[in-house]
Amino acid sequence: MKLEIMTTQEYEERQQDTTQKRRLKESMRRGRYCRADLFPDCIVGTFAVPDKKNLFQQKEILGYYMDREQLLLVSDEKMEENLCQEVAKYSAVGVDTPPQFLAGFIEYLIRDDVIFLQKFEERLAHMEEHLIKMEIKHFDVQILNIRKELLKLDSYYQQMMDLCGILEENRNSLMTQDECRIFGVQAVRIERLHDTTHILKEYCVQLRELYQSRMDDRQNNVMQMLTVVTTIFMPLTLITGWYGMNFEHMPELYSKYGYPVIIAVSALVILVEFLWFKKKKWF
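Along each chain, numbering runs from 1 in the same order as the chain's sequence is written. Selection of residues for local features in this predicted model requires a pLDDT of at least 70, selection of side-chain atom pairs for listing and counting requires 80 or more, and totals for whole chains, interfaces and linings are taken over all residues. Here the side-chain values reflect all heavy atoms present in the structure, with hydrogen atoms and water set aside.

Novice: Describe the side chain of Ser75, naming the residues involved and giving the relevant values.
Specialist: A run of DSSP states H or I qualifies as a helix once it reaches four residues; a run of E qualifies as a strand once it reaches two. Both are numbered from the N-terminal end. Its place among the elements puts Ser75 in strand E5 (residues 70–75). Remark: exposure states derive from per-residue accessible area (1.4 Å probe, protein chains only) relative to the maximum for the residue type, with buried under 20%, exposed over 50%, and partly exposed in between. In this structure Ser75 comes out as buried when scored by relative accessible area, which is 0%. Among all residues touching Ser75, those that are not within four sequence positions of it are Met6, Thr7, Thr8, Glu60, Ile61 and Leu62. Note on contacts: a residue pair qualifies if any of its non-hydrogen atoms lie within 4.5 Å across the two residues.

Novice: Can you explain helix H5 (residues 113–132)? Please cite residues and give values.
Specialist: Here H5 is 20 residues long and its end C-alpha atoms lie 29 Å apart, about the 28 Å a rise of 1.5 Å per residue gives. Those residues of H5 that sit buried are Asp113, Phe116, Leu117, Phe120, Leu124, Met127 and Leu131. Buried residues along H5 cover an arc of 95° about the axis, so they all sit on one side. Buried residues along H5 sit against helix H4 (98–109), helix H6 (139–169) and helix H7 (177–243). Positive phi shows up at Met134, right after H5, with a value of about 55°. Given the number of residues in a helix, its expected span is that number minus one, multiplied by 1.5 Å. What the arc covers is the set of directions going from the helix axis to the C-beta atoms.

Novice: If you had to explain the sheet that holds strand E1 (residues 2–7) to someone new, which residues and values would you point to?
Specialist: When DSSP finds two or more bridges between a pair of strands, those strands are recorded as paired. The strand order E1-E5-E4-E3-E2 describes an open sheet built from five strands, whose pairing is mixed. Among the strands making up the open sheet, the edge pair consists of E1 and strand E2 (35–38). Strand-to-strand twist across the sheet, computed as the mean angle between neighbouring axes with direction ignored, equals 15°. As defined by bridge partners, strand E3 (residues 43–49) adjoins strand E4 (residues 60–66) across seven bridges and the pair is classed as antiparallel. Within the sheet, the bridge partner assigned to Phe47 lies in E4 and is Leu62. Between N-to-C directions, angles cover 0 to 180 degrees, with each direction set by a line fitted to C-alpha atoms, over the stretch in contact for helices. In the packing of H6 onto the sheet, the strands contacted are E2, E3 and E4, and the crossing angle to E3 comes to about 160°.

Right, here's the structure in full:
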């Protein structure tokens, strides 16, 4: 097997203007997602790998060209020098042929994704605990960012599943049946990651609903308190309006005890209402 790994610049400088070069350049130019284009004598495609450290950063584009004799990997950035050894560690069937190495490379790309998704779950669980205690600020912004990250991962896994499905079908008969089955196994593994991502997205929706419920409860409590306060002072407003009319023959209008009496009546009304509301557990 002939394996070549180089950067885009190195590929431009070394390769001649051949059909292989034109196909790979066109695929990398158009391919901002994971894809596999089948030709009678080769398979050309790209991997659009998200940056796990910052999913909002631009994806790393990796192009590949594969036929029966060789596999060529081209990246915008320089790949690891020991990439062949790393891929061999994650390949269960060896890397003796181009399809086997490509399948091992796919496994290498998703090698730590289970742990990566578990960290998402831990973040959401931590946010849920603080949300229940109402000790979290800017929750809506945080949950929106996490959901956007999960959407990017969901799209990435869906594209990888489609890519592995195309390779497994082997419509140009470039691979053996055993090699095709390897990509079927990879498709199943990526599908599990895709399902996990979908579950985490549903978790985000549930947390947003919980957050909205907590906000509604808080708003209801505030409205209830305002209603209680308004109800308490309504009789006092009535008394104030009544005695503010200043009719000539109103009782207690000229009495020296009129003012203390009104104060005592108002205090008594507030006390009775307070005890009544407390008995009804309105606050």
